[in-house]
Amino acid sequence: MADRLVERAGPADAEALSALDRHIDPAWVRRCLAAGEYFVAREAGEIVGFLRFTWFWRTMPYMELIQVREDRRRDGIGSRLVAAWETAMRAAGAELLITSSMSDEPGPQVWHRRNGFSESGELTFGRLQQTPEVFFVKPI
Ligand SMILES: CC(C)(COP(=O)(O)OP(=O)(O)OC[C@H]1O[C@@H](n2cnc3c(N)ncnc32)[C@H](O)[C@@H]1OP(=O)(O)O)[C@@H](O)C(=O)NCCC(=O)NCCS
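So, a few notes on the structure that sits alongside this text. Model, not experiment: these values are computed from the prediction.

Turning to the packing of aromatic side chains, a few remarks are in order. In total, this model carries six aromatic pairs according to the counting rule given. Aromatic ring contacts, followed pair by pair, group Phe-39, Phe-53, Trp-55 and Trp-85 into a single cluster. Sitting over the face of the ring of Trp-28, Arg-31 holds its NZ or CZ atom 4.6 Å from the ring centroid.

Here it is as structure tokens:
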């Protein structure tokens, strides 16, 4: 499809991303956009997937959330978002990418491994999350 694009999101995406990214409030969406911490996949101008990241120790990018629109899954969009993020992070001087998912979510774990990540340990977060969160890393 010629009108497909994966790129870093900009301030003009604030409204659309606030509707899609229900885990954080719109003010934090705008803060992440200003910091360049979103990538989006577009088709015909519409966002069909996004990746939000932050920095651990300011040196290691951590993928907080990736989400592809349900009807567009398993067509390479998530992998293209990760590839664009990886390229940008390498250019920014990063040497290791981090991501994670809950231990009871086998699908995302298969997907992380397929994208070159390997398991690196797990954590629980007290009363907030008793199901272990499995962390994955990828040297770049
Ligand atoms: C996980 C997610 C981002 C993957 O994006 P995607 O665009 O669908 O994935 P891709 O097309 O790049 O990769 C597809 C491949 O990944 C693997 N994969 C993806 N989703 C999978 C699932 N639910 N179960 C098992 N394998 C899966 C398969 O190997 C698949 O290849 P196949 O279709 O030929 O079998 C997407 O499914 C999603 O948005 N899920 C809901 C949100 C979520 O779980 N986010 C991750 C939280 S850590």
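And the narrative resumes.
A positive phi angle, near 50 degrees, is found at Ala-44, a position not held by glycine. Locating Ala-44 in the fold gives a position in the loop between β2 (38-43) and β3 (46-56). Positive phi outside glycine occurs at Arg-74, with the angle close to 60 degrees. If you trace the backbone, Arg-74 turns up in the loop between β4 (60-68) and α3 (77-91). The class for Arg-74 is exposed, based on a relative accessible area of 88%.

All right, on to the layout of surface pockets then. Roughly 980 Å³ of volume is contained in the largest pocket. Looking at the lining of the largest pocket, the elements with two or more residues in it are β4, α3, β5 (96-102) and α4 (106-114). Per-element accounting of the lining of the largest pocket gives the leading share, seven residues, to β4. Of the residues contributing to the lining of the largest pocket, the split by class is ten nonpolar, ten polar and nine charged.

Phe-39, Leu-51, Trp-85, Met-89 and Phe-117 are the most contacted members of the largest nonpolar core, which totals 19 residues. Put simply, the parts of the chain that give this core at least two residues each are β2, β3, β4, α3 and β7 (129-139). When residues in this core are grouped by element, the largest group, seven residues, is from α3. Apart from residues no more than four positions distant in its own chain, Met-89 is found in contact with Arg-8, Phe-53, Trp-55, Pro-61, Ala-94, Leu-97 and Ile-140. The next biggest cluster of nonpolar side chains, apart from the first, holds twelve residues, and it includes Leu-17, Ile-24, Phe-50 and Leu-65.

The local shell around the ligand holds 18 residues, among which Val-68, Arg-74, Gly-76, Gly-78 and Ser-79 are the closest. Gly-76 places a polar main-chain atom, nitrogen or oxygen, 2.6 Å from an oxygen atom of the ligand. Contact between the ligand and Ser-79: an oxygen atom at 2.5 Å from a side-chain N or O atom of the residue. Summarising the interface, the protein chains cover 73% of the accessible area of the ligand, which totals 910 Å² for the free molecule. Counting atoms within 2 Å of the grid points, the majority share of the ligand lands in the largest pocket. Counting only elements with at least two residues in the shell around the ligand, the list comes to β4, α3, β5 and α4. Examining the composition of the shell around the ligand, we find that six residues originate from one element, α4, more than from any other.

Next up on the list: the pattern of salt bridges. Applying the stated criterion across every chain yields a total of 14 salt bridges. Asp-75 is the partner of Arg-4 in a salt bridge, and the nearest nitrogen-oxygen pair spans 2.9 Å. Of this pair, Arg-4 sits in strand β1 (residues 4-8) while Asp-75 sits in the loop between β4 and α3, placing them 71 residues apart in sequence. Arg-113 is paired through a salt bridge with Glu-119; the nearest N and O atoms lie 2.7 Å apart. Classification of Arg-113 by relative accessible area gives partly exposed; the value is 40%. The network of salt bridges with common partners includes Arg-4, Glu-43, Arg-72 and Asp-75.

Rules used throughout
- Residues numbered from 1 in each chain as written.
- Predicted model: local features only at pLDDT ≥ 70, side-chain atom pairs only at ≥ 80, totals over all residues.
- Heavy atoms only, no water.
- Phe/Tyr/Trp six-rings, centres within 6.5 Å; stacked < 30°, edge-to-face > 60°.
- Lys NZ or Arg CZ within 6 Å of the ring centre and 35° of its normal.
- Helix = DSSP H or I, 4+ residues; strand = E, 2+ residues; numbered from the N terminus.
- Buried < 20%, exposed > 50% of the residue type's maximum accessible area, 1.4 Å probe, protein only.
- 1 Å grid on protein atoms, 1.4 Å probe; cavity = no way out; pocket = protein on both sides within 12 Å on 5 of 7 lines; lining within 4 Å.
- Points joined across faces, edges and corners; volume = space filled by probe spheres on them.
- Nonpolar A, V, L, I, M, F, W, Y, C, P; charged D, E, K, R; others polar.
- Core = buried A, V, L, I, M, F, W, Y, C linked by side-chain atoms within 4.5 Å.
- Contact = heavy atoms within 4.5 Å.
- Near = heavy atom within 4 Å.
- Polar contact = N/O pair within 3.5 Å; in protein donor to acceptor, adjacent residues only side chain to side chain.
- Areas by Shrake-Rupley, 256 points an atom, 1.4 Å probe, with all protein chains shown as cover.
- Sits in = over half its atoms within 2 Å of the grid points.
- Salt bridge = Lys/Arg side-chain N within 4 Å of Asp/Glu carboxyl O.

Geometric values such as these leave the question of function open.
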